[in-house]
Amino acid sequence: MALAVICNDAPRGPGARVTRWFCPGVPMHVTGEQVVGEDGRVWHVFLVPAAAALLALERGLVTCIKE
């Protein structure tokens, strides 16, 4: 099964989970990696099944960014 990289930069309160995955039952692997965007935001990196990422993209739930 191919995996795709997704990132989340949503603001969270102290003690909150790193992200909320929109697809219950589909695995999401926390890589622990963080990258800082051009705007200074910290992006948390995750791996998800590529098929799930493509479906999310088709439905407008995620956007693509240039690395």
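Our subject is the structure that appears above.
Residues numbered from 1 in each chain as written. Predicted model: local features only at pLDDT ≥ 70, side-chain atom pairs only at ≥ 80, totals over all residues. Heavy atoms only, no water.

Visitor: Before we go on, may I ask you to explain the pairing of strand 1 (residues 3-8) in this structure?
Guide: Here is the key point about a regular strand: its side chains alternate between the two faces of the sheet. The alternating pattern of strand 1 places Ala4, Ile6 and Asn8 on a buried face, while none of Leu3, Val5 and Cys7, on the opposite face, is buried. Relative to strand 3 (residues 42-49), strand 1 is paired through 6 bridges, and the arrangement is antiparallel. Bridge pairing links Asn8 to His44 in strand 3. (Buried < 20%, exposed > 50% of the residue type's maximum accessible area, 1.4 Å probe, protein only. Helix = DSSP H or I, 4+ residues; strand = E, 2+ residues; numbered from the N terminus. Pairing = 2+ DSSP bridges.)

Visitor: What should I look at first to understand helix 1 (residues 50-58) in this one?
Guide: Residues spaced three or four apart along an α-helix point in a common direction, a consequence of the helix completing one turn every 3.6 residues. Listed as buried for helix 1 are Ala50, Ala52, Ala53 and Ala56. Seen end-on, helix 1 carries its buried residues on one side only, within an arc spanning 160 degrees. Residues of helix 1 that are exposed and point more than 90 degrees away from the buried face comprise Ala51, Leu54 and Glu58. Turning to helix 1, the residues buried within the fold contact strand 1 and strand 3. Following helix 1 by one or two positions, Gly60 adopts a phi angle in the positive range, close to 75 degrees. (Arc of directions from axis to C-beta. Contact = heavy atoms within 4.5 Å.)

Visitor: How do you make sense of the sheet that holds strand 3 when you look at a structure like this?
Guide: Spatial ordering of the open sheet is given by 1-3-2, a layout of 3 strands whose pairing is antiparallel. The open sheet terminates on both sides in strands that have one partner only, identified here as strand 1 and strand 2 (29-36). Each adjacent strand pair in this sheet contributes to an overall mean axis angle of 30 degrees, direction not counted. (Axes fitted to C-alpha atoms, helices over the stretch in contact; angles between N-to-C directions.)

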